[in-house]
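Residues per chain, in single letters:
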Amino acid sequence: MNNKAIKKLALSAMFIAIGFLLPFLTGQSPEIGKALLPMHIPVFLCALICGWQYGLAVGAVLPLMRSLILSTPPLYPMAIEMTFELAAYGLISGFIYGKASKKCLVSLYLAMLAAMLGGRIVLGISEVILLGICGNTFAFSTFISGAVTTAIPGIILQLILIPAIMLALGKTGIIDFHARAEKQTA
(Lines give C-alpha, C1' and ligand atoms only; values in the text may rest on other atoms or scores of the structure.)
Protein backbone atom coordinates (compact mmCIF):
# COMPACT_ATOMS: atom_id res chain seq x y z
CA MET A 1 0.00 0.00 0.00
CA ASN A 2 1.47 3.36 -0.98
CA ASN A 3 1.56 6.53 1.12
CA LYS A 4 -1.33 8.19 -0.79
CA ALA A 5 -3.61 5.22 -0.14
CA ILE A 6 -2.65 5.12 3.54
CA LYS A 7 -3.32 8.86 3.83
CA LYS A 8 -6.74 8.49 2.17
CA LEU A 9 -7.59 5.54 4.40
CA ALA A 10 -6.62 7.52 7.52
CA LEU A 11 -8.63 10.54 6.34
CA SER A 12 -11.63 8.27 5.68
CA ALA A 13 -11.42 6.94 9.23
CA MET A 14 -11.31 10.53 10.49
CA PHE A 15 -14.40 11.40 8.41
CA ILE A 16 -16.22 8.38 9.86
CA ALA A 17 -15.33 9.59 13.37
CA ILE A 18 -16.54 13.12 12.54
CA GLY A 19 -19.77 11.71 11.08
CA PHE A 20 -20.23 9.61 14.19
CA LEU A 21 -19.83 12.65 16.48
CA LEU A 22 -21.54 15.47 14.53
CA PRO A 23 -25.10 14.28 15.30
CA PHE A 24 -24.35 14.85 19.00
CA LEU A 25 -24.32 18.58 18.16
CA THR A 26 -27.98 18.30 17.21
CA GLY A 27 -28.73 16.88 20.64
CA GLN A 28 -29.55 13.51 19.10
CA SER A 29 -32.90 15.05 18.14
CA PRO A 30 -34.28 13.26 15.05
CA GLU A 31 -36.14 16.40 13.94
CA ILE A 32 -33.02 18.59 14.08
CA GLY A 33 -30.92 15.83 12.54
CA LYS A 34 -33.34 15.50 9.61
CA ALA A 35 -33.17 19.26 9.10
CA LEU A 36 -29.39 19.74 9.40
CA LEU A 37 -28.19 16.40 7.95
CA PRO A 38 -24.97 16.26 10.01
CA MET A 39 -23.75 12.91 8.65
CA HIS A 40 -23.84 14.18 5.06
CA ILE A 41 -21.05 16.73 5.61
CA PRO A 42 -18.17 14.31 6.31
CA VAL A 43 -19.31 12.03 3.48
CA PHE A 44 -19.14 14.96 1.05
CA LEU A 45 -15.76 16.07 2.35
CA CYS A 46 -14.34 12.55 2.17
CA ALA A 47 -15.53 12.08 -1.42
CA LEU A 48 -14.18 15.48 -2.51
CA ILE A 49 -10.81 15.11 -0.77
CA CYS A 50 -10.12 11.36 -1.03
CA GLY A 51 -12.15 10.31 -4.07
CA TRP A 52 -15.38 8.55 -4.89
CA GLN A 53 -14.28 5.11 -3.67
CA TYR A 54 -13.59 6.43 -0.17
CA GLY A 55 -16.71 8.63 -0.14
CA LEU A 56 -18.81 5.65 -1.17
CA ALA A 57 -17.31 3.50 1.60
CA VAL A 58 -17.71 6.16 4.30
CA GLY A 59 -21.29 6.83 3.19
CA ALA A 60 -22.10 3.12 3.31
CA VAL A 61 -20.46 2.45 6.69
CA LEU A 62 -21.39 5.53 8.71
CA PRO A 63 -25.19 5.19 9.18
CA LEU A 64 -25.03 1.44 9.80
CA MET A 65 -22.16 1.72 12.27
CA ARG A 66 -23.88 4.55 14.15
CA SER A 67 -27.15 2.63 14.24
CA LEU A 68 -25.56 -0.59 15.46
CA ILE A 69 -23.53 1.15 18.18
CA LEU A 70 -25.94 3.88 19.34
CA SER A 71 -29.31 2.70 17.95
CA THR A 72 -29.64 6.03 16.20
CA PRO A 73 -30.73 6.32 13.50
CA PRO A 74 -33.02 3.30 13.88
CA LEU A 75 -31.66 0.44 11.78
CA TYR A 76 -34.88 -0.26 9.87
CA PRO A 77 -35.73 1.53 7.72
CA MET A 78 -33.82 4.77 8.40
CA ALA A 79 -30.18 3.61 8.73
CA ILE A 80 -30.54 1.25 5.78
CA GLU A 81 -32.09 4.01 3.63
CA MET A 82 -29.38 6.45 4.72
CA THR A 83 -26.71 3.88 3.85
CA PHE A 84 -27.84 3.87 0.22
CA GLU A 85 -28.36 7.63 0.16
CA LEU A 86 -24.99 8.56 1.69
CA ALA A 87 -23.15 5.97 -0.40
CA ALA A 88 -24.71 7.61 -3.47
CA TYR A 89 -23.63 11.04 -2.21
CA GLY A 90 -20.05 9.83 -1.85
CA LEU A 91 -20.01 8.06 -5.19
CA ILE A 92 -21.62 10.82 -7.25
CA SER A 93 -19.90 13.85 -5.72
CA GLY A 94 -16.47 12.18 -5.66
CA PHE A 95 -16.78 10.87 -9.22
CA ILE A 96 -17.99 14.14 -10.77
CA TYR A 97 -15.53 16.28 -8.83
CA GLY A 98 -12.69 13.86 -9.59
CA LYS A 99 -13.38 14.15 -13.34
CA ALA A 100 -13.41 17.97 -13.25
CA SER A 101 -10.40 19.50 -14.97
CA LYS A 102 -10.38 22.47 -12.57
CA LYS A 103 -10.78 22.08 -8.83
CA CYS A 104 -12.81 25.21 -8.14
CA LEU A 105 -16.15 26.36 -6.76
CA VAL A 106 -17.97 25.69 -10.04
CA SER A 107 -16.88 22.05 -10.20
CA LEU A 108 -17.54 21.67 -6.47
CA TYR A 109 -21.10 22.99 -6.71
CA LEU A 110 -21.84 20.89 -9.80
CA ALA A 111 -20.65 17.76 -7.98
CA MET A 112 -22.58 18.61 -4.82
CA LEU A 113 -25.85 19.45 -6.59
CA ALA A 114 -25.68 16.31 -8.74
CA ALA A 115 -25.02 14.23 -5.62
CA MET A 116 -27.89 15.86 -3.74
CA LEU A 117 -30.28 15.06 -6.56
CA GLY A 118 -28.92 11.55 -7.15
CA GLY A 119 -28.77 10.75 -3.44
CA ARG A 120 -32.39 11.73 -2.96
CA ILE A 121 -33.43 9.60 -5.94
CA VAL A 122 -31.58 6.64 -4.40
CA LEU A 123 -33.23 7.41 -1.05
CA GLY A 124 -36.67 7.34 -2.71
CA ILE A 125 -35.95 4.04 -4.45
CA SER A 126 -34.67 2.47 -1.23
CA GLU A 127 -37.78 3.68 0.63
CA VAL A 128 -40.05 2.13 -1.98
CA ILE A 129 -38.21 -1.20 -1.70
CA LEU A 130 -37.87 -1.24 2.11
CA LEU A 131 -41.45 -0.18 2.75
CA GLY A 132 -42.68 -2.64 0.12
CA ILE A 133 -40.93 -5.51 1.89
CA CYS A 134 -43.12 -4.89 4.95
CA GLY A 135 -46.24 -4.32 2.88
CA ASN A 136 -46.34 -0.58 3.59
CA THR A 137 -47.12 1.93 0.89
CA PHE A 138 -44.83 4.66 -0.30
CA ALA A 139 -46.39 8.13 -0.24
CA PHE A 140 -44.59 10.47 -2.64
CA SER A 141 -45.83 13.54 -0.75
CA THR A 142 -44.33 12.20 2.49
CA PHE A 143 -41.05 11.54 0.69
CA ILE A 144 -40.92 15.10 -0.72
CA SER A 145 -41.70 16.50 2.71
CA GLY A 146 -39.00 14.47 4.45
CA ALA A 147 -36.28 14.31 1.80
CA VAL A 148 -36.59 17.81 0.39
CA THR A 149 -38.67 20.27 2.39
CA THR A 150 -37.46 19.27 5.86
CA ALA A 151 -33.87 19.01 4.57
CA ILE A 152 -33.66 22.58 3.19
CA PRO A 153 -31.71 23.93 6.22
CA GLY A 154 -29.20 21.06 5.88
CA ILE A 155 -28.87 21.60 2.13
CA ILE A 156 -28.17 25.30 2.70
CA LEU A 157 -25.68 24.45 5.45
CA GLN A 158 -23.86 22.02 3.14
CA LEU A 159 -23.78 24.51 0.25
CA ILE A 160 -22.15 27.11 2.53
CA LEU A 161 -19.98 25.05 4.90
CA ILE A 162 -18.39 22.54 2.50
CA PRO A 163 -17.14 25.17 -0.02
CA ALA A 164 -15.84 27.26 2.90
CA ILE A 165 -13.89 24.26 4.24
CA MET A 166 -12.58 23.43 0.77
CA LEU A 167 -11.49 27.05 0.25
CA ALA A 168 -9.70 27.08 3.61
CA LEU A 169 -7.93 23.80 2.82
CA GLY A 170 -7.01 25.14 -0.63
CA LYS A 171 -5.56 28.36 0.80
CA THR A 172 -3.37 26.40 3.20
CA GLY A 173 -2.14 24.19 0.37
CA ILE A 174 -3.49 21.00 1.95
CA ILE A 175 -5.55 20.32 -1.17
CA ASP A 176 -5.58 21.71 -4.70
CA PHE A 177 -8.65 23.95 -4.69
CA HIS A 178 -9.30 27.51 -5.88
CA ALA A 179 -12.25 29.89 -5.80
CA ARG A 180 -12.17 30.15 -9.61
CA ALA A 181 -10.71 28.09 -12.39
CA GLU A 182 -7.23 29.43 -12.96
CA LYS A 183 -6.43 30.59 -16.46
CA GLN A 184 -4.01 28.58 -18.50
CA THR A 185 -0.80 30.35 -19.44
CA ALA A 186 0.51 29.66 -22.90
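Residues numbered from 1 in each chain as written. Predicted model: local features only at pLDDT ≥ 70, side-chain atom pairs only at ≥ 80, totals over all residues. Heavy atoms only, no water.

Predicted confidence across the protein gives a mean pLDDT of 92, with 97% of residues reaching 70 or more. Looking at the elements of the protein, mean pLDDT is at its lowest for helix α7 (residues 140-149), recorded as 77, and at its highest for helix α3 (residues 40-50), recorded as 98. (pLDDT = per-residue confidence, 0-100. Helix = DSSP H or I, 4+ residues; strand = E, 2+ residues; numbered from the N terminus.)

All right, on to the nonpolar core then. Phe44, Tyr97, Leu108, Ile162 and Met166 are the most contacted members of the largest nonpolar core, which has 29 residues in total. Of all the elements in the fold, those that place two or more residues in this core are α1 (3-21), α3, α4 (52-70), α5 (75-99), α6 (105-133) and α8 (152-172). Element by element, the count of residues in this core is highest for α3, at 7 residues. Dropping the residues within four chain positions of it, Leu108 is found in contact with Leu48, Tyr97, Ile162, Pro163, Met166 and Phe177. (Core = buried A, V, L, I, M, F, W, Y, C linked by side-chain atoms within 4.5 Å. Buried < 20%, exposed > 50% of the residue type's maximum accessible area, 1.4 Å probe, protein only. Contact = heavy atoms within 4.5 Å.)

Glancing now at the environment of Leu48. Here Leu48 shows up in helix α3. Given the relative accessible area of 7%, Leu48 is considered buried. Between the alpha carbons of Leu48 and Ile175 there is a distance of 10.0 Å; along the sequence they are 127 residues apart. Filtering out sequence-adjacent residues up to four positions away, Leu48 remains in contact with Ser93, Tyr97, Leu108, Ile162 and Met166.

The next thing to look at is α3. Summarising burial for α3: 10 of the 11 residues are buried, a large majority. Buried residues of α3: His40, Ile41, Pro42, Val43, Phe44, Leu45, Cys46, Ala47, Leu48 and Cys50, and no others. Within two residues after α3, Gly51 carries a phi angle of roughly 115 degrees, on the positive side.

What follows is about the layout of surface pockets. One number sums up the size of the largest pocket: a volume of about 680 Å³. Every residue lining the largest pocket is counted, 32 residues in all, and those nearest its centre are Pro30, Gly33, Lys34, Met78 and Met82. Listed by contribution, the elements that provide at least two residues to the lining of the largest pocket are α2 (30-36), α5, α6 and α7. With 5 residues, the single largest contributor to the lining of the largest pocket is α5. Its residues assigned to classes, the lining of the largest pocket shows 17 nonpolar, 9 polar and 6 charged. If you add up the space inside the second largest pocket, you get close to 490 Å³. Looking at the second largest pocket, it is lined by 21 residues, and the ones nearest its centre are Lys8, Leu48, Ile49, Cys50 and Ile175. Put simply, the parts of the chain that give the lining of the second largest pocket at least two residues each are α1, α3, α4, α5 and α8. (1 Å grid on protein atoms, 1.4 Å probe; cavity = no way out; pocket = protein on both sides within 12 Å on 5 of 7 lines; lining within 4 Å. Points joined across faces, edges and corners; volume = space filled by probe spheres on them. Nonpolar A, V, L, I, M, F, W, Y, C, P; charged D, E, K, R; others polar.)

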